[in-house]
Amino acid sequence: MSVAIRISRSVERALHLRTGVRSFVKVGDKVPINFVKDEPAPVIKADSEYPDWVFKLGAKEPTLGELIERAETQGISDETFTVQDAKRLKRLMSLDKVKKGNASRLSSTD
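Residues numbered from 1 in each chain as written. Predicted model: local features only at pLDDT ≥ 70, side-chain atom pairs only at ≥ 80, totals over all residues. Heavy atoms only, no water.

Participant: With reference to specific residues and values, describe the overall build of the chain.
Facilitator: Along the chain, the regular secondary structure elements total three helices and zero strands. Listing every helix and strand of the chain by position from the N terminus yields α-α-α. Taking all 110 residues of the chain together, the buried fraction comes to 15%. Long-range pairs, those at least 24 residues apart, make up 37% of the contacts in the chain with a sequence separation of at least 6. Carbon and sulfur atoms make up 56% of the accessible area of the chain, which totals about 9200 Å². (Helix = DSSP H or I, 4+ residues; strand = E, 2+ residues; numbered from the N terminus. Buried < 20%, exposed > 50% of the residue type's maximum accessible area, 1.4 Å probe, protein only. Contact = heavy atoms within 4.5 Å. Areas by Shrake-Rupley, 256 points an atom, 1.4 Å probe, with all protein chains shown as cover.)

Participant: Got a sec to walk through the packing of aromatic side chains? Specific residues and values, please.
Facilitator: One pass over the structure, following the stated rule, counts one aromatic pair. An angle of 85 degrees between the planes, with centres 6.4 Å apart, marks the rings of Y50 and F55 as edge-to-face. Y50 sits in the buried class, given a relative accessible area of 10%. Among the residues examined, F55 registers a relative accessible area of 28% and is labelled partly exposed. In this structure, R70 is placed above the aromatic ring of F81, and the distance from its NZ or CZ to the ring centre is 4.9 Å. (Phe/Tyr/Trp six-rings, centres within 6.5 Å; stacked < 30°, edge-to-face > 60°. Lys NZ or Arg CZ within 6 Å of the ring centre and 35° of its normal.)

Participant: Can you tell me about the pattern of salt bridges, naming the residues and giving the values?
Facilitator: In the structure shown here, the tally under the stated rule is four salt bridges. Between D85 and R70 there is a salt bridge whose closest N-O contact spans 3.0 Å. Taken as a pair, D85 in helix α3 (residues 83–109) and R70 in helix α2 (residues 64–74) lie far apart in primary sequence, 15 residues in all. Using a relative accessible area of 14% as the deciding quantity, one classes D85 as buried. In this structure, the salt-bridge partner of D96 is K100, at a minimum N-O distance of 3.2 Å. Here D96 and its partner K100 are both found in helix α3, four residues apart, which amounts to about one turn of the helix. Classification of K100 by relative accessible area gives exposed; the value is 55%. (Salt bridge = Lys/Arg side-chain N within 4 Å of Asp/Glu carboxyl O.)

Written out as structure tokens, the structure is:
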């Protein structure tokens, strides 16, 4: 079983700014994490060997307020909202409704 670990670009940039080192992790370097017994340490691969979703892992997702503002100003259409944005908006609105309901129940019992 081979597992590769990649440091995010934002962390790499931050370390570069602090240390002045151009690249502290190179392709082929071993990661000193042996979490699988009797297996060699994972090796850093080239960016092209990782799927696209790996680079989106640390991406900031829009908040409920940002999604509502976009919906009010631009409307909800295929050009302004992806399917993921629409699902996120619906999920965040549902969570917000539950939180407000729980808060009102707690305040009414006091």
